[in-house]
Amino acid sequence: MSPRARTVGFQSGERNIFFHILTACNLSCRHCYINKEQHGTEMLSRATMERWLELFADPAKKANVIFLGGEPTMHPDLVHGITKAKELGFDVTVDSNGYLFHDLLEKSSPEQLDFLSFSLDGPDASVNDPIRGEGVYEICTANMRKAVSAGYNVSVIYTVSSLNIKHLHRMIPLLTEIGIKRFFIQVIGLRGNSASENTDGFNWQVSPDEWLAIVPAVAAQAADAGIHVTFPKVFLQKDEKFECAGIVAENYFIFPNGRVYRCPLCEDHPIHALTIRDDKLIVSPGLTEDNFFQLNIAEGCVMNKLLQPDTISYDAQGNPEHRISCCLLKQEILPE
Ligand code: SF4
Ligand code: SF4
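Numbers given to residues run from 1 along each chain, matching the order in which its sequence is written. Labels are handed out in written order, letters beginning with A for the chains and numbers beginning with 1 for the ligands. It should be noted that, the model being predicted, local features are given only for residues of pLDDT at least 70 and side-chain atom pairs only at 80 or more, the latter also being counted only at that level, while totals for whole chains, interfaces and linings use all residues.

Colleague: Sorry if this is basic, but what is going on with the overall build of the chain here?
Modeller: To qualify as a helix, a DSSP run of H or I must reach at least 4 residues; to qualify as a strand, a run of E must reach at least 2; elements of each kind are numbered from the N terminus. Scanning the chain for helices and strands turns up twelve helices and 15 strands. As a reference, a globule follows 2.2 Å times the number of residues to the power 0.38, and the radius of gyration itself is taken over C-alpha atoms. Relative to the globule expectation of 20 Å for 336 residues, the C-alpha radius of gyration of the chain, 19 Å, shows essentially globular dimensions. Along the longest, intermediate and shortest principal axes, the C-alpha atoms of the chain span 60 × 50 × 40 Å. Neighbour counting defines burial: a residue surrounded by 20 or more other C-beta atoms within 10 Å of its own C-beta is buried, one with 12 or fewer is exposed, and intermediate counts give partly exposed, using backbone-placed C-beta atoms. Across the 336 residues of the chain, 41% fall into the buried class. For every residue pair, C-beta atoms are placed from the backbone, and the pair is scored as a contact if these atoms sit within 7 Å. By sequence separation, contacts in the chain at least 24 residues apart represent 71% of the contacts at least 6 residues apart.

What follows is the structure, given as structure tokens:
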């Protein structure tokens, strides 16, 4: 573990709204986690988007809204949603695949849109495009450059998998050259397409040893290059406390069919804790993710143990070699 990495604890009094305003996308990434059977195919109307934002606005809390899809810039009313979210006091982020439909850069502004994130999974087309699609690298990086020149606060999200972990370090010169100061490294989840490819014998996941050998070191190098890097904690040290964000944090993952999850690992299952019905937020009946958050197990995150047991290894005595942290727990390294 890099000695410079600081764990970013869950902030009480802070609320994060991960708002999927549609599930449609122009791309078909191999690891796409969108599951239309579970998340719906609707595109929220402008009026619904407004009312649902109002449901989660709380002037007493620092609140962030992250517009997601599918590809959120395919929504013709995204700019309207950004303006509404700003009026309600949210800090606003858009996570895009880089295509920036509907002239987002021209129609919004760095004053309205606090953060614009681009997903890129390789430092060149030969690494990125087999994962995200032919021609995606060119378009995504060209639009990143435009966004930087237009004064937006631009970040890049890199989803680490067995296909691209060896190329992670080569992102540093690319980000530096484009002028990007914020880098989010994510770990591939076993959901959506990545889950089905795993069952077909392809293994997307990186081993704990590989993750620990590469990711913290690259994050430190990126920070040395002046980039603020955030990456998942994944493995807890022996003396570190386990906390489930479903209990200690306020995260809401909203889908266009009205499902609202508290934990992203649960999103492929109809166990959402909350539901929006007739523009009201109601507690879902029956067995929901909330019931799992309470379980205290030696392996750490209970949903990881239930849904991704292959990620846990055990010693000769049957004890887990690593406790897995909440998937929402992050570490960061700031430039010095
Ligand atoms: S850009 Fe996002 S939503 Fe679209 S296919 Fe890729 S991972 Fe899925
Ligand atoms: S990932 Fe695990 S620890 Fe985090 S909210 Fe979900 S169940 Fe809780």
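Colleague: Help me understand the site of ligand 1, please; the structure alone is not making it clear to me.
Modeller: In the vicinity of ligand 1, the contacting residues are C25, L27, S28, C29, C32, I34, G69, G70, E71 and N97. Three classes are used: nonpolar for Ala, Val, Leu, Ile, Met, Phe, Trp, Tyr, Cys and Pro, charged for Asp, Glu, Lys and Arg, and polar for all others, with Gly counted as polar. Of the residues in the shell around ligand 1, the class split is five nonpolar, four polar and one charged. A molecule or strand has a residue near it when that residue's C-beta atom, placed from backbone coordinates, lies within 6 Å of it.

Colleague: Please explain the site of ligand 2 as it appears in this structure.
Modeller: Around ligand 2, the structure places 13 residues, and the nearest of them are C244, C263, C301, M303 and C326. Sorting the residues of the shell around ligand 2 by element identifies α10 (245–248) and α12 (302–307) as the ones contributing at least two each. If one sorts the elements of the shell around ligand 2 by residue count, α12 sits on top with three residues. Looking at the shell around ligand 2 residue by residue, the class counts come to eleven nonpolar, two polar and no charged.

Colleague: Looking at this structure, how should I read the environment of P256?
Modeller: Following the sequence through the fold, P256 ends up in the loop between β10 (250–254) and β11 (259–261). Residue classification places P256 among the buried positions, given that 24 C-beta atoms sit within 10 Å. C-alpha separation for the pair P256 and T23, spaced 233 residues apart in sequence, amounts to 7.5 Å. What P256 contacts, discounting residues up to four positions off in sequence, is H20, I21, L22, T23, H39, G40, E42, M43 and L44.

Colleague: What is the right way to read the nonpolar core from this model?
Modeller: One recurring pattern in soluble globular proteins is that nonpolar side chains are buried together. One nonpolar core equals one set of buried Ala, Val, Leu, Ile, Met, Phe, Trp, Tyr and Cys residues connected by C-beta atoms within 7 Å. In this structure, F19, V65, A219 and V229 are the most contacted members of the largest nonpolar core, which totals 81 residues. Not counting chain neighbours up to four residues away, the residues in contact with V65 comprise I17, F19, L53, A85, F90 and V92.

Colleague: Got a minute to help me understand helix α3 (residues 78–87) in this structure?
Modeller: Since one α-helical turn is 3.6 residues long, residues separated by three or four positions face the same way. Looking only at α3, the buried set comprises L78, V79, G81, I82, K84 and A85. Next to the buried residues of α3 lie α2 (46–56), β3 (62–68), β4 (91–96) and α4 (104–107). Positive phi appears at G89, one or two residues downstream of α3, with a value of about 95 degrees.

Colleague: I tried to follow the packing of helix α5 (residues 125–132) against helix α6 (residues 136–149) on my own but got confused; where do I start?
Modeller: Helix packing for two helices is described by the angle between their axes and how far apart those axes are. α6 packs onto α5 with a crossing angle of 110 degrees between their chain directions and a minimal axis gap of 8 Å. Comparing their axes, α6 and α5 come out roughly perpendicular. Within the contact between the two elements, α5 uses A125, N128, D129 and R132 and α6 uses V136, Y137 and E138. A class-by-class count of the residues in the contact of α5 with α6 yields three nonpolar, one polar and three charged. Lines are fitted to the C-alpha atoms to define the axes, a helix being fitted only along its stretch in contact, and any angle between axes, read from their N-to-C directions, falls within 0 to 180 degrees. Note on angle classes: values under 35 degrees are labelled roughly parallel, values over 145 roughly antiparallel, values of 65 to 115 roughly perpendicular, and the remainder oblique.

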